Amino acid sequence: MVNRSVEPYRTSKEDGEEVIRGAHIGPYSLIEPKQGEALYLDREKYLKDHQDSKAAHHHEEERIVYQRYAAIDNYRRLIANLLPEGLFCSHTVGYFKFDSPYDPGYLLSHLNSELLDWRFNLASTNNNINGYELEVLPIREVKFTKPVDERENSVSTLIDQYETARAEDNSP
């Protein structure tokens, strides 16, 4: 099943490009879907017919994507990934562009965390995962007070200490 407005732009594998569906979204990476049928888009026709649409051009930017539908009894509900520019999404994928001073990995680490998944499930009563539900999740704002070079030195020192401890312990 596909949103009817996209039907005129569907095409074959040979003539189009695959559209990213919710089943493609894994935590931190795209995965090979285990269900559903592949969808292919006639990019040129779609873009020609939607020249004035801002949403039609969202594929030009990297976005954070998430599965819009996840069964309440799924092993986890919040599943997010960074989608490279150039890819189109189906209606089973929610996304947002990030305009933030943070690396997108910071937001992804929260969205894919057990803590936010637990928090999300406290209020979620159906299979839909809506943008407004994600907007209210508590993600801490980080305010850097140390200069960049000091932060980099601190991180470098911690990495060295960690690697030394692992080598002495023979731990993974």
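Figured I'd write up the structure that's included with this text. (Residues numbered from 1 in each chain as written. Predicted model: local features only at pLDDT ≥ 70, side-chain atom pairs only at ≥ 80, totals over all residues. Heavy atoms only, no water.)

### As for the side chain of His59
Phase 1: Residue position: His59 is located in the loop between helix 1 (43-49) and strand 5 (63-67).
Phase 2: Those residues within four positions of His59 in sequence are excluded, and the remaining contacts are Arg43, Leu47, Glu85, Gly86, Leu87 and Phe88. (Helix = DSSP H or I, 4+ residues; strand = E, 2+ residues; numbered from the N terminus. Contact = heavy atoms within 4.5 Å.)

### Side note on the side chain of His24
Phase 1: With respect to the helices and strands, the residue His24 is situated in the loop between strand 1 (17-18) and strand 2 (25-26).
Phase 2: Separated by 3.3 Å, the side chains of His24 and Glu18 make a polar contact.
Phase 3: The contact partners of His24, leaving out residues within four places of it in the chain, are Glu18, Val19, Ser29, Leu30, Ile31 and Pro33. (Polar contact = N/O pair within 3.5 Å; in protein donor to acceptor, adjacent residues only side chain to side chain.)

### Notes on helix 3 (residues 114-123)
Phase 1: Taken together, the buried positions of helix 3 are Leu116, Asp117 and Phe120. An end-on view of helix 3 places all buried positions within 105 degrees of arc, on one side of the element. Away from the buried face of helix 3 by more than 90 degrees, exposed residues Glu114, Leu115, Trp118 and Leu122 are located.
Phase 2: Close packing links the buried residues of helix 3 with helix 2 (104-111) and helix 4 (131-135). (Buried < 20%, exposed > 50% of the residue type's maximum accessible area, 1.4 Å probe, protein only. Arc of directions from axis to C-beta.)

### Remarks on the packing of aromatic side chains
Phase 1: One pass over the structure, following the stated rule, counts three aromatic pairs.
Phase 2: Relative to Tyr46, the ring of Tyr9 has its centre 5.3 Å away and its plane inclined at 85 degrees; by these criteria the two rings are edge-to-face. Placement of Tyr9 in the segment before strand 1 and of Tyr46 in helix 1 is noted, with a sequence separation of 37 residues between them. Take Tyr9 and Tyr46: they sit in the same class, and that class is buried.
Phase 3: Relative to Phe88, the ring of Tyr46 lies with its centre 5.8 Å away and its plane at 85 degrees, an arrangement referred to as edge-to-face. Within this pair, whereas Tyr46 is found in helix 1, its partner Phe88 is found in the loop between strand 6 (80-83) and strand 7 (93-96), the two being separated by 42 residues in sequence. (Phe/Tyr/Trp six-rings, centres within 6.5 Å; stacked < 30°, edge-to-face > 60°.)

### Examining the environment of Lys97
Phase 1: Its place among the elements puts Lys97 in the loop between strand 7 and helix 2.
Phase 2: As a C-alpha pair, Lys97 and Arg4 span 93 residues in sequence and 25 Å in three-dimensional space.

This is a description of form; function is not addressed.
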